[in-house]
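# Examining the three-dimensional arrangement
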Amino acid sequence: MRRRLLYTLGVYAIAFAIIGYLARGIEPGQLLRNFSMANLWVFVPASAGSFAIWFGGETLLFACLFSYFHSRTSFREMLPANAAQYFLQLVNSAVAGAALVMFMNRRKKVPWLAGGCTLIFQAVLDFQIMAAMALVAALLEPASILHRYWYIPAAVLAPLLLNTCFWMRGRPRSGLARWFYERPSMASFRLARPSHYARLGGLRISIFLAYGIALYFQIRGFHINVHPSQVFAVLPAVVFFDGLPFTPVGLGPVQAIIVTGFKAYASPARLLAMALSMSFMTIAFQAPLGLGSAGAFAREAADAATRGLLSDQWVPGS
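This section reports on the structure supplied with the text. (Residues numbered from 1 in each chain as written. Predicted model: local features only at pLDDT ≥ 70, side-chain atom pairs only at ≥ 80, totals over all residues. Heavy atoms only, no water.)

What follows is about the overall build of the protein chain. Along its length, the protein chain carries 16 helices and zero strands. Rg of the C-alpha trace for the protein chain: 20 Å, near the compact-globule value of 20 Å for 318 residues, within the 12% margin. Its C-alpha atoms give the protein chain principal-axis dimensions of about 60 × 45 × 30 Å. When each of the 318 residues of the protein chain is scored for burial, the buried share is 50%. (Helix = DSSP H or I, 4+ residues; strand = E, 2+ residues; numbered from the N terminus. Rg over C-alpha atoms; globule rule 2.2 N^0.38 Å. Buried < 20%, exposed > 50% of the residue type's maximum accessible area, 1.4 Å probe, protein only.)

All right, on to the side chain of Gln128 then. Relative to the helices and strands, Gln128 is located in helix α6 (residues 112-140). Other than its neighbours up to four places away in sequence, Gln128 contacts Leu157, Leu160, Leu161 and Thr164. (Contact = heavy atoms within 4.5 Å.)

Next up on the list: the nonpolar core. Ranked by internal contacts, the top residues of the largest apolar core, which has 86 residues, are Leu65, Met78, Phe121, Leu200, Ile219, Ile258 and Phe262. For this core, the element with the most residues is helix α3 (residues 40-69), which contributes eleven residues. Sequence-distant contacts of Leu200, that is, excluding residues within four places in its chain, are made with Leu61, Cys64, Leu65, Tyr68, Phe69, Phe121, Gln122 and Leu125. Listed in part, the five residues of the second largest apolar core include Ala134, Ala138, Leu146 and Ala233. (Core = buried A, V, L, I, M, F, W, Y, C linked by side-chain atoms within 4.5 Å.)

Moving on, we come to the environment of Val259. With respect to the helices and strands, Val259 occurs in helix α13 (residues 253-261). Since its relative accessible area comes to 12%, Val259 is described here as buried. Contacts of Val259, omitting those with residues within four sequence positions, involve Pro268, Leu271 and Leu272.

The tally for this structure, following the rule as stated, stands at four salt bridges. Residue Arg204 pairs with Asp126 through a salt bridge whose shortest N-O separation is 2.9 Å. Separated by 78 residues along the polypeptide, Arg204 in helix α11 (residues 194-220) and Asp126 in helix α6 bring together distant segments of the chain. One exposure class covers both Arg204 and Asp126, and it is buried. A single salt-bridge network, built from bridges that share partners, covers Glu58, Asp126 and Arg204. (Salt bridge = Lys/Arg side-chain N within 4 Å of Asp/Glu carboxyl O.)

Now for the environment of Leu203. If you trace the backbone, Leu203 turns up in helix α11. Owing to a relative accessible area of 21%, Leu203 belongs among the partly exposed residues under this scheme. The spacing of Leu203 and Gly57 is 146 residues in sequence and 7.4 Å in space, taken between C-alpha atoms. Other than its neighbours up to four places away in sequence, Leu203 contacts Leu60, Leu61 and Cys64.

What follows deals with a nonpolar patch on the surface. A cluster of nonpolar side chains, Ile145, Tyr149, Trp150, Tyr151, Ile152 and Val156, forms an exposed patch at the surface whose accessible area comes to about 550 Å². It is helix α8 (residues 151-168) that contributes the most residues to the nonpolar patch, three residues altogether. Along the chain, Tyr149 turns up in the loop between α7 (145-148) and α8. (Patch = residues over 30% accessible without salt bridge, like charges linked within 9 Å, V, L, I, M, F, W, Y side chains within 5 Å. Areas by Shrake-Rupley, 256 points an atom, 1.4 Å probe, with all protein chains shown as cover.)

Another point: α3. Relative to the 44 Å expected for 30 residues at 1.5 Å per residue, α3 spans 43 Å between its end C-alpha atoms, a close match to the ideal helical length. Its side-chain oxygen placed 3.1 Å from the backbone nitrogen of Trp41, Asn39 serves as the N-cap of α3. (Expected span 1.5 Å × (residues − 1). Polar contact = N/O pair within 3.5 Å; in protein donor to acceptor, adjacent residues only side chain to side chain.)

Here we take up the packing of α13 against helix α14 (residues 268-286). Running from N to C, α13 and α14 cross one another at 145 degrees; their axes reach a closest spacing of 9 Å. Between α13 and α14 the crossing geometry is right-handed. Between α13 and α14, the contacting residues are Gln255, Ile258 and Val259 on the first element and Pro268, Leu271, Leu272, Met274, Ala275, Leu276, Met278 and Ser279 on the second. For the contact of α13 with α14, the residue count by class is nine nonpolar, two polar and no charged. (Axes fitted to C-alpha atoms, helices over the stretch in contact; angles between N-to-C directions. Left-handed = near helix turned anticlockwise from the far one by under 90°. Nonpolar A, V, L, I, M, F, W, Y, C, P; charged D, E, K, R; others polar.)

This next bit is on the packing of helix α2 (residues 28-36) against α14. Following both chains from N to C, one finds α2 and α14 inclined at 60 degrees, their axes separated by 8 Å at the closest point. Viewed along their axes, α2 and α14 adopt a mutual orientation that is oblique. Seen from above, α2 lies across α14 with right-handed handedness. Residues Gln30, Leu31, Asn34 and Phe35 of α2 touch α14, and the partners they reach there are Ala269, Arg270, Leu272, Ala273, Leu276 and Ser277. Residue composition of the contact of α2 with α14, by class: six nonpolar, three polar and one charged. (Parallel < 35°, antiparallel > 145°, perpendicular 65-115°, else oblique.)

Turning next to the packing of aromatic side chains. Across all of its chains, the model carries 21 aromatic pairs by this definition. Seen in terms of ring centroids, Tyr68 and Phe69 are 6.3 Å apart; in terms of plane orientation they differ by 75 degrees. Their pairing is edge-to-face. Note on Trp167 and Phe189: the rings are 5.3 Å apart at their centroids and 35 degrees apart in plane angle, and the pair reads as tilted. Of the two residues, Trp167 is situated in helix α8 and Phe189 in helix α10 (residues 187-191); the sequence distance between them amounts to 22 residues. Through successive ring pairs, a cluster of aromatic residues spans Tyr68, Phe69, Phe121, Phe166, Trp167, Phe180, Tyr181, Phe189 and Tyr197. The ring of Tyr21 has Arg24 sitting right over it, with the charged end atom 3.9 Å from the ring centre. (Phe/Tyr/Trp six-rings, centres within 6.5 Å; stacked < 30°, edge-to-face > 60°. Lys NZ or Arg CZ within 6 Å of the ring centre and 35° of its normal.)

Right under this line is the structure:
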């Protein structure tokens, strides 16, 4: 319990250290005045829609993911597991992903390492999509910061596409490559066909684009006149930093990318107030997921991780 508390305090300390750096030179009164400028009739529904997009979309995505490569899993079955994961993101992001694996192991008998590698498969696909979106945004929006650094998403996308080609080609001839290819835990990579990539990728792109629309209205809720094309140009970076496991719900990194990406449209104080409001609303929506059966499952997963029961199941060579 003490180690879990220290971990939680540590990640929040990192988040607030980043926010403190961004807030340098901004008077507290100025920041508070910008908080009060929000149009809650626009900002709150947009924030609720943003949370619903992520939670509902990812519940469907994970249900499809495990149904394709392991055992048929319905949206309703995946709800408590994803709710537990979302709650754990607030207190222990290192255990959040393991909660899904634990759920699939206990309910569907999916091997621990195979379940973890399936989540890695989806993460690799997500990075491909984010890199491709960033590259498209860099090419279509010359005024965006991505246009100046277009080679970064290109450098990320190229090896990820080569990785996909490796798995799509089938059983390799090289002994070492064949040994890696035939690992039972890599079943999702090995079984994935173009139709799987298309369906899972389509779901993830739909989540990203719908989130971009919600983000646009959150920004407009603070009376920041930004063109939608600019929002979608910065969107890949926001999504990437939002998913980093170093801070809860992207608190800190998300504020940094919003203050940097939209600095031409509003003052740092206004942008920081808006970005902080976004994260605080996310926390407010995710915190109640710690109640009921999902919360009990989240605490069970956290206790299992603390006792080392999760890591003990990751048998090498499986």
